[in-house]
Amino acid sequence: MGGESVSNAHLAELLAREGETSSGILVRAFRRAARSAFLWPERAGDLYAAGRPLTELHGVGPFIARKLEAWIEKPSKDVFRVPAIRRDFLTRADARMILKSDPAWAQRLRGDLQMHTVWSDGSAGIREMAEAGKERGYEYIAITDHSKGLKIAGGIDESALLKQAREIATVNKARTTRGLTVLRSIEMNLSPRGEGDMDPRALAKLDIVLGAFHSALRKKEDQTSRYLAALRNPDIQILGHPRGRIYNFRLGLKADWRRVFAEAARLDKAVEIDSYPDRQDLNLALLKIARKEGVRISLGTDAHHADQLEFIELGLAAALKAKIPAERILNFMDLASLRAWVAKLRTRRR
Ligand SMILES: [Zn+2]
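Described in the following lines is the structure provided in the data block. (Residues numbered from 1 in each chain as written. Predicted model: local features only at pLDDT ≥ 70, side-chain atom pairs only at ≥ 80, totals over all residues. Heavy atoms only, no water.)

1. Some points on the overall build of the protein
Looking only at helices and strands, the protein features 14 helices and 8 strands. Against the compact-globule benchmark of 20 Å for 350 residues, the protein has a radius of gyration of 21 Å, which places it among compact chains. Overall, the C-alpha framework of the protein stretches about 65 × 50 × 40 Å when taken along its three principal axes. Here the protein has roughly 15,800 Å² of accessible surface; of this, 52% comes from carbon and sulfur atoms. Taken together, the 60 basic and 45 acidic charged side chains of the protein have centroids lying 4 Å from each other. (Helix = DSSP H or I, 4+ residues; strand = E, 2+ residues; numbered from the N terminus. Rg over C-alpha atoms; globule rule 2.2 N^0.38 Å. Areas by Shrake-Rupley, 256 points an atom, 1.4 Å probe, with all protein chains shown as cover. Lys, Arg positive; Asp, Glu negative; His and termini not counted. Charge placed at Lys NZ, Arg CZ, Asp CG, Glu CD.)

2. With respect to the pairing of strand 2 (residues 140–143)
Side chains Y140 and A142 of strand 2 all project onto a buried face; the interleaved residues I141 and I143 project onto the opposite face, where all are buried too. Here strand 1 (residues 111–112) runs beside strand 2; their pairing, made up of 2 bridges, is parallel. Looking at strand 2, one finds that G111 is bridged to Y140. Taken together, strand 1, helix 7 (residues 126–135) and strand 2 constitute a β-α-β crossover, and its handedness is right-handed. (Buried < 20%, exposed > 50% of the residue type's maximum accessible area, 1.4 Å probe, protein only. Pairing = 2+ DSSP bridges. Right-handed = clockwise from strand over helix to strand, strands pointing away.)

3. Here's the deal with the pattern of salt bridges
A complete count under the given rule lists 20 salt bridges for this structure. For R92, the salt bridge identified is with E310, shortest N-O distance 3.4 Å. Linking R92 in helix 5 (residues 92–100) with E310 in the loop between strand 8 (296–300) and helix 13 (312–321), this pair joins segments that are 218 residues apart in sequence. Residue classification places R92 among the buried residues on the basis of a relative accessible area of 14%. The residue E313 makes a salt bridge to R96 at a minimum N-O spacing of 3.2 Å. Of this pair, E313 sits in helix 13 while R96 sits in helix 5; the two residues are 217 residues apart in sequence, bridging distant segments of the chain. The exposure class of R96 is partly exposed, given its relative accessible area of 32%. Overlapping salt bridges, with partners in common, bring together E13, R17, E20 and R86 in one network. (Salt bridge = Lys/Arg side-chain N within 4 Å of Asp/Glu carboxyl O.)

4. Some points on the coordination of the zinc ion
At the metal site, the zinc ion is ligated by E187 (OE), H214 (NE2) and H241 (NE2), and these contacts range over 1.9 to 2.2 Å. Here the donor residues of the zinc ion are spaced in sequence according to E-x26-H-x26-H. With H214 in the loop between strand 5 (210–213) and helix 10 (224–232) and H241 in the loop between strand 6 (238–239) and helix 11 (257–267), this pair connects stretches of sequence that are 27 residues apart. Overall, the relative accessible area of 3% leaves H241 in the buried class. (Donors = N, O, S within 2.8 Å, 3.2 Å for Na, K, Ca; no water.)

5. Quick notes on the nonpolar core
Core analysis: the largest hydrophobic core is formed by 69 residues, its most contacted members being W105, M129, I141, V182, F261 and I297. Here this core gets 7 residues from one element, more than from any other, and that element is helix 13. Once you skip the residues sitting within four places of it in the chain, M129 turns out to touch M115, H116, T117, A124, I141, I143, A303, H305, A306 and L309. With 24 residues, the next largest nonpolar core counts V6, A12, A33 and A37 among its residues. (Core = buried A, V, L, I, M, F, W, Y, C linked by side-chain atoms within 4.5 Å. Contact = heavy atoms within 4.5 Å.)

6. Re the environment of L335
Topologically, L335 is positioned in helix 14 (residues 335–348). A residue is classified by how much of its surface remains accessible, and L335, at 12% relative accessible area, is buried. Sequence spacing of L335 and R31 is 304 residues, and the spatial spacing of their C-alpha atoms is 40 Å.

7. Thoughts on a nonpolar patch on the surface
A cluster of nonpolar side chains, namely I25, L26 and F63, defines an oily patch on the protein surface of about 300 Å² accessible area. Relative to the assigned elements, F63 resides in helix 4 (residues 62–73). (Patch = residues over 30% accessible without salt bridge, like charges linked within 9 Å, V, L, I, M, F, W, Y side chains within 5 Å.)

Without other data, these values stay purely geometric and don't point to any function.
The structure is reproduced here in structure tokens:
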């Protein structure tokens, strides 16, 4: 390990394993702590070396702190394989280190293309999200509440979408968010056949449309055909959280990714890096294939709260690490170019 302290990812894995061999309330305590470890802003090992208490870290009580201290003091020599369900997730501490290697990269960011509000399952209003976006120096944000088919997430129908448009127009005129444009969008629920659940005429009025799968996500068989169908759906421009994986919960779908990304590139559509810490979907391994196929990449935090806009660091870092060319990233475009790209895709459909 040299002088380097043990990484937060390594500690997260040890916590997750501890959860698997525990019983009772400890199972949840360890699982929760493993997830929290991904969000710690600095390495627990560095904190410990500086003599600061580990209980400063989110989700760490005295019991977990003692466990962590033992692991930090005596790093185990075992090299273990992280199971696929927890593999290829960046911690926030990793992301910050990656972004430090090229400070100009994050400065290219002009907006965030996936977030939820109180209109579906988010906890903040549109104005609050817009103000948070403006504070981050963004030129635009896309409001992507869930569509009506996803009842569990409070999905909205065409008439709610129209009411939301009025609220967005008001926020776009507000003084407090001047300089930032709130884009009308939606996270449209796609059936496993790649079909949407909203009237295409309502979708055509939106600035940009994200489509995503939320069902039959534990299928073991190859799902290439559903991805090809989704990309060919003329109503969407971005395929959100493509794999559908969730840290330590669900592996996500299998597909011939080379074919999927090649088709996205041929259609000039974008695939997303959903930067929510538990998702990080696309992940680094798939992003490398995406780079080879030359597909466009969209960055979205999938924020459900204004504070979660900071998750964008994870997506920015993954894209940088995968060496995605800057011109392939939607969020590096200015608003006019982004709109022109959407318009071009829409004329091509006929
Ligand atoms: Zn989703």
